[in-house]
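Observations on the model geometry
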Amino acid sequence: MGDKPVTAPRVRAFYAAAIVPGAAPPYNTLNIKLYYPCLFGDSFAERDTGVVPADSNRAPFPVVIMMPGINLSPEAYSWLAHRLADAGLVTVAYSWIGREMEDRVSITPGVDIEALHIDNYGKRTSCPALPALIEELQRQNQRGTLAGLLDLDQIVLGGHSAGGTMALLNANPDWFAGVRGGFSYAAHTAANQLLGWPEDAVLPLHTDTPLLLIGGSDDGVIANSAHRYGEGANNSPIERIERSFDAGISGARGDRHLVIVEGANHFSLAHPADTATGRAYLEQAAAGDGETIRAYLGDLITSFCLQSFEQPMSEKALGNLLNPEHPLVAKGASK
């Protein structure tokens, strides 16, 4: 037919939307993007519509839900979503424009502040986006491109900054039966004194699932946010992440991990990051090369997710990336 050759994609994505029950319009809608492994057949329909079928040979697909930092577009995590989908994991990114603290309007992962109060903590999910997201995944598993291809008993929650905190605090299979683990970047679980917690308190985590806490050695946003946690709070870029691991996680299962990445800063996971929103002006320049750091983070997060889903070879790969001798590991620990 004279058609010019095209490059066969390995990953495709499509959009969806969901309403968050109880949220007041117009701030009640999640805009969702689902990345999936595809199998390009170069058919006329694919060329004409841009719709490429999923690679059903690799199904059923486990799911990773990526929870954004405040005022960070989901496109900042597109590179990671591509990496995870290429490894066979359907990856969900989303944007929720809502009212946050002090009635500011921002992109948010979804935070129920009252659920984090000392009197309420641990009694319910603190992320109202999650039930709506999981319900939408159930709908996608019933019709459309991913119908019958999702393994909703295999979900990992991940996130960056505030989204990372939500991922850690809600990686609880008692609330979401399919959740098998949680990871965070540039996030901690230090408790805010305005919510009734004492100075230097750390929120305890549900510890029956694998967890991965990742921080950057040059995180200026965490360092410049110490005032939120008491007058004597340490302005270290990593101390609250370390305490979240040390004091927030109990027991010794061997599959809860801490990694501090040498030369990384708060936004090393986000690429590209829009510095016109959020608090990027608090950031320190990362000492390390951004592309090299992202490559490491992509390998680390992918290996952790695969291990959480009990996929072969992932444990060895993760162990290599956690090795203190690795040039990008400033600190590593497991418990």
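It should be noted that the structure appears before, not after, this text.
An account of the accompanying structure is given in this report. (Residues numbered from 1 in each chain as written. Predicted model: local features only at pLDDT ≥ 70, side-chain atom pairs only at ≥ 80, totals over all residues. Heavy atoms only, no water.)

Describing the overall build of the chain
Quick reminder of the rule: Each helix corresponds to a stretch of at least 4 residues labelled H or I by DSSP, and each strand to a stretch of at least 2 residues labelled E; elements are numbered beginning at the N terminus. Just to be clear, the radius of gyration here is over C-alpha atoms, and the globule rule we use is 2.2 Å times residues to the power 0.38. When a residue's accessible area, from a 1.4 Å probe over protein chains only, is under 20% of the maximum for its type it is buried; when over 50% it is exposed; and in between it is partly exposed. Residue contacts are counted whenever heavy atoms from the two residues lie within 4.5 Å of one another. To measure how exposed things are, a 1.4 Å probe is used in the Shrake-Rupley method; for residues, cover is taken only from the protein chains shown. A positive count includes Lys and Arg, and a negative count includes Asp and Glu. His and the chain ends are not counted in either. The location of each charge is read from NZ of Lys, CZ of Arg, CG of Asp or CD of Glu.
Looking only at helices and strands, one finds eight helices and 10 strands in the chain. The globule rule puts the C-alpha radius of gyration for 335 residues at 20 Å, and the 20 Å found for the chain is close to it. Each principal axis of the C-alpha atoms in the chain carries an extent, and together these give about 70 × 50 × 40 Å. Every one of the 335 residues in the chain was classed for burial, and the buried ones make up 54%. Restricting the contact set of the chain to residue pairs at least 6 apart, pairs at least 24 apart contribute 71%. Surface summary for the chain: the accessible area is close to 14700 Å², and the carbon and sulfur share equals 51%. Side-chain charges of the chain comprise 24 positive and 37 negative groups, with the mean position of each set lying 3 Å from the other.

Structural notes on the nonpolar core
Put simply, the rule reads: We call a set of buried Ala, Val, Leu, Ile, Met, Phe, Trp, Tyr and Cys residues a nonpolar core when their side-chain atoms join them within 4.5 Å.
Grouped together as the largest cluster of nonpolar side chains are 56 residues, with contacts concentrated most on L30, I32, V63, I65, Y94, L133 and L146. Broken down by element, this core gets its largest block of residues, six residues, from helix α3 (residues 129-140). Look past the residues within four positions of V63 in its chain and what remains in contact with it is V90, V92, L137, L150, D151, L152, Q154, I155, V156 and F309. By size, the runner-up hydrophobic cluster in this structure holds 36 residues, among which are F183, V261, A280 and L318.

Structural notes on the side chain of N28
Note the following rule: Counted as a polar contact is a pair of N or O atoms within 3.5 Å, where, for protein atoms, one must be capable of donating a hydrogen and the other of accepting one, and residues adjacent in sequence contribute only when both atoms are in side chains.
Among the secondary structure elements, N28 is positioned in the loop between β1 (11-19) and β2 (29-37). For N28, a relative accessible area of 12% gives the class buried. Of note is the side chain of N28, whose polar atom sits 3.3 Å from the side chain of T29. Apart from residues no more than four positions distant in its own chain, N28 is found in contact with A18, I19, V20, A23 and W96.

A closer look at the environment of N71
Assignment of secondary structure puts N71 in the loop between β3 (61-67) and α2 (78-86). In this structure the C-alpha to C-alpha distance between N71 and G163, which are 92 residues apart in sequence, comes to 11 Å.

Quick notes on the side chain of S268
With respect to the helices and strands, S268 occurs in the loop between β9 (256-261) and α7 (290-308). For S268, a relative accessible area of 9% corresponds to the buried category. There is a polar contact of 2.9 Å between the side chain of S268 and the backbone nitrogen of N265.

Thoughts on unusual backbone geometry
Here P25 and P26 are connected by a cis peptide whose omega angle stands at 5 degrees. Within the element layout of this structure, P26 appears in the loop between β1 and β2. The step from H271 to P272 runs through a cis peptide bond, and the omega angle for that step is -5 degrees. Within the secondary structure, P272 sits in the loop between β9 and α7. Non-glycine residue N71 carries a positive phi angle of around 60 degrees. On the accessibility criterion, N71 (23% relative accessible area) is partly exposed.

Re the packing of aromatic side chains
Condition: Aromatic pairing here means that ring centres of Phe, Tyr or Trp (its six-membered ring) are within 6.5 Å. Orientation follows from the plane angle: under 30 degrees is stacked, over 60 is edge-to-face, and everything else is tilted. Counting as a charge over the ring demands two things of the Lys NZ or Arg CZ atom: a distance within 6 Å of the ring centre and an angle within 35 degrees of the ring normal.
Tallying each qualifying case throughout the model produces two aromatic pairs. Ring geometry for F14 versus Y36: centroids 5.9 Å apart, planes at 55 degrees, classification tilted. Of the two residues, F14 is situated in strand β1 and Y36 in strand β2; the sequence distance between them amounts to 22 residues. When sorted by exposure, F14 lands in the same class as Y36, which is buried. Ring plane angle 80 degrees and centroid distance 5.8 Å describe the contact between Y121 and W197, whose orientation is recorded as edge-to-face. Here Y121 is found in the loop between β5 (105-107) and α3, whereas its partner W197 is found in the loop between β7 (179-185) and β8 (211-216), with 76 residues between them in sequence. Classification of W197 as buried rests on a relative accessible area of 14%. In this structure, K335 is placed above the aromatic ring of F245, and the distance from its NZ or CZ to the ring centre is 5.0 Å.

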